Structure formats: C-alpha cells, structure tokens
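Results of the structural survey
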Amino acid sequence: MIRFYYNLSPNPMKVALCLEETGLAYEPIPVDTRRGEQFAETYAAINPNAKVPAIVDGDATVFDSNAILLHLAEKAGAFLPHGEAARGEMLSWLMFVATGIGPFSGQCVHFRHFAPEAERTGYAAERYVFEARRHWSVLDAHLSGRSFVLAEYGIVDMAVWGWARMLPFILGEDAILEFPNVKRLLDTVSARPAAQKAESLKGRHAFKAELDDEARRFMFRSMKVI
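What comes next concerns the included structure. All of these numbers come straight from a predicted model, not from anything done at the bench.

**Regarding the sheet that holds strand β3 (residues 54-57)**
With mixed pairing, the 4 strands of this open sheet are ordered in space as β2-β1-β3-β4. Both outer strands of the open sheet, β2 (26-30) and β4 (60-63), are each paired with one neighbouring strand and no more. The sheet shows a mean angle of 15° between the axes of neighbouring strands, direction not considered. Relative to the sheet, helix α1 (residues 10-22) contacts β1 (2-6) and β2, its axis offset from that of β1 by approximately 155°. Sitting on the sheet, helix α3 (residues 65-76) touches β1, β3 and β4, and the angle it makes with β4 is about 135°.

**Remarks on the side chain of S105**
For S105, the location among the structural elements is in helix α4 (residues 84-114). When its relative accessible area of 0% is taken as the criterion, S105 is described as buried. Within polar-contact distance, the side chain of S105 engages the side chain of W136 at 3.0 Å. Leave out the neighbours within four places in its chain, and S105 touches G100, A132, W136, W163 and I170.

**As for the environment of R221**
Summarising the element assignment, R221 is placed in the segment after α10 (213-219). What makes R221 exposed here is its relative accessible area of 60%. Not counting chain neighbours up to four residues away, the residues in contact with R221 comprise F39 and R216.

**Observations concerning α1**
Helical geometry note: an α-helix holds 3.6 residues per turn, so side chains three or four residues apart project in the same direction. Helix length check: α1, at 13 residues, gives a terminal C-alpha distance of 19 Å against a target of 18 Å (1.5 Å per residue), a fit within 8%. In terms of residue burial, α1 counts as a mostly covered element, since 11 of its 13 residues are buried. When we look at burial in α1, the residues that qualify are P10, P12, M13, K14, V15, A16, L17, C18, L19, E21 and T22. A positive phi of about 75° marks G23, the residue just after α1.

Cut-offs used in this document
- Residues numbered from 1 in each chain as written.
- Predicted model: local features only at pLDDT ≥ 70, side-chain atom pairs only at ≥ 80, totals over all residues.
- Heavy atoms only, no water.
- Pairing = 2+ DSSP bridges.
- Helix = DSSP H or I, 4+ residues; strand = E, 2+ residues; numbered from the N terminus.
- Axes fitted to C-alpha atoms, helices over the stretch in contact; angles between N-to-C directions.
- Contact = heavy atoms within 4.5 Å.
- Buried < 20%, exposed > 50% of the residue type's maximum accessible area, 1.4 Å probe, protein only.
- Polar contact = N/O pair within 3.5 Å; in protein donor to acceptor, adjacent residues only side chain to side chain.
- Expected span 1.5 Å × (residues − 1).

Okay, here's the thing in structure tokens:
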C-alpha cells in the first residue's frame, strides 16, 4: 500500500490522478500546510524540503511530484512512451512542466493573490505574470493539432492537468480562453473516470481554508510582516 501525502494543490493532485490511472493501491494522508503540518519532524523525515506531495512505497520514499509520476508510471509499466526518441520528448516536456509551468505559475499566484499589497505590482509581479503566460503559450502552441502533449496520453498530460485546472486563479478568470488547446486537453483529461476519482479527494478531509496570520506564517516564511 503506497502512502500518499497530499493536499489539494496542483502538484499533489497530478499525483492523485496518476495513482487513480495506474490503479495502484494507496492510502491518502492529508498534510495541512496552513496548519504547518509539513514542518513536523515525522514528515520532514519523508520530505526534507517540507513540501507536498510525497509517497512512501515500500522501501522507496519519493518526493517532488514529477519524480513521483515517473516512479509510479515505471512501477505500473504504463503511461510512458516506448523508444529512445519518445522518451527524450517525454522527459523534455515533463521537465518543462516541472521547471517552467509549475514554478512560474506558482509565483504568479503568489504575487497576484498573496504578496503584500505593495508588492502586487512592479517588476517581480510583472515578470511572473509574463513568464507564466509565456510558458502556457508555448504549451498551447505545441498542442495545436495534437490530442495530447505526446503521441498518447501519459504522465506529462497528468502533470499539465494538475496546473491547468488552476488557470483562472493563476492568470485571471478568463485566462483559460487564451489557451484553447490547453483547455481542450484539460477538458479531455477531466472527463476521465480517474480524474473524477482524484477530484473526489476534496471530500476526504477538511483542510484549513482560512488564510489567517497562522497560515501566512507557515506558508510564507520569508515574510516577516504580512
């Protein structure tokens, strides 16, 4: 039984989708980051970076969502392409999500929604909005005329799905309309039974919703004053 440490943010949700798609047995274990549970000693022993998600699969402990996707797909023998050329393409686009889509979208969210009011405009905010939109545009152009990121549905689409669900929050309410090919992929994946099961995790545990001073101290530790 795989132990899956999660909350409902994009990176854990793409792992939840992969777990459901592969059919691997797992136990979801909530980590409420607004209550600081990611900093508990027991969790730090699993992920020293104090982030979700992470999994414990027998003797293997894996953190970082994209590493987990690779681990699960290799374990299941599914959702990975065959051949050296296809694997190179898969790794390239998976890392594009890992180092581009995810981080720039996350920082865009931070500066648009959570930074101190004085920091929500200016160079840093403009840079992250620009780079988030640029990365989504690159992906949207790649998806033109394609059903999936690669020739067949796989873990890269799962990685994209985790973040694409949040595009209205990342770049604005109508942002998804800027990227019609991304929207098509999002709709296709969201219609899969595994995606619907992954979404049902929302009802399994009540995470703290309030972004109060306690939550801000845990989530934005670099800020001395909010």
